[in-house]
Amino acid sequence: IPPWIQKTAPATEKGIWLAILFTAIPVGTATGYAYSSIMAENLGWQWAYFVEGIFMAPLICFMFF
């Protein structure tokens, strides 16, 4: 069990938290493949990095500020 789930999740909900975590990994990978193929087909592969940078900016601000 990841330490942050063990510390944060209530004992009765740890299974649900683990299911969400381990489901997010393959779903995110599949979504990434679909996103990148659509982006590369319509706008060019360079735009995928630009758009991802825009999506990641709020997360970076949240992590450092």
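Treat the numbers as computed from the prediction; the structure is a model and nothing was measured.

Colleague: Would you mind showing me how to read helix α2 (residues 14-42) here?
Modeller: Given 3.6 residues per turn, any residue in an α-helix points the same way as the ones three and four places further on. Taking 1.5 Å of rise per residue, 29 residues should cover 42 Å, and α2 covers 41 Å from first to last C-alpha, within 8% of that figure. A maximum bend of about 25° is found in α2 at alanine 24, where proline proline 26 lies one to four positions downstream. Glycine 44 sits one or two positions beyond α2 and adopts a positive phi of about 105°.

Colleague: Help me understand the confidence of the model for the protein chain, please; the structure alone is not making it clear to me.
Modeller: Detailed reading of the predicted model is not advised wherever pLDDT is low. On average, residues of the protein chain score 89 in pLDDT, and 100% of them reach the 70 mark or higher. Mean pLDDT per element in the protein chain: helix α3 (residues 45-64) is the minimum at 87, and α2 is the maximum at 91.

Colleague: Where do I start with a nonpolar patch on the surface in this structure?
Modeller: A cluster of nonpolar residues, Leu43, Trp47, Phe50, Ile54, Phe55, Met56, Leu59, Ile60, Phe62, Met63, Phe64 and Phe65, forms a patch on the protein surface that exposes about 1500 Å² of accessible area. By secondary structure assignment, the location of methionine 63 is in helix α3. Judged by its relative accessible area of 59%, methionine 63 is exposed.

Reading the values: rules and limits
Residue numbers run consecutively from 1 along every chain, following the written order of its sequence. Reporting in this predicted model follows two pLDDT cut-offs: at least 70 for local features of residues, and 80 or more for side-chain atom pairs to be given and counted; totals over whole chains, interfaces and linings ignore these cut-offs and use all residues. In computing side-chain values, all of the structure's heavy atoms are included and hydrogens and water are not. Secondary structure counts use DSSP, requiring at least four H or I residues in a row for a helix and at least two E residues in a row for a strand, with both numbered from the N terminus. In a helix, the anticipated span is given by 1.5 Å times the number of residues less one. Bend at a given residue is defined as the angle between two axes, one fitted to the seven residues that end at that position and one fitted to the seven that begin there. pLDDT is a residue-level measure of predictor confidence that goes from 0 to 100. Each patch is built from residues lacking any salt bridge and having more than 30% relative accessible area; the joining distance is 9 Å for like charges and 5 Å for nonpolar side chains (Val, Leu, Ile, Met, Phe, Trp, Tyr). Calculation of accessible area relied on Shrake-Rupley with a 1.4 Å probe; when residues are assessed, cover is drawn exclusively from the protein chains displayed. By convention in these notes, a salt bridge is any Lys or Arg side-chain nitrogen within 4 Å of a carboxyl oxygen on Asp or Glu. Each residue is placed in one exposure class: buried if its accessible area under a 1.4 Å probe, protein chains only, is under 20% of its type's maximum, exposed if it is over 50%, and partly exposed if it falls in between.

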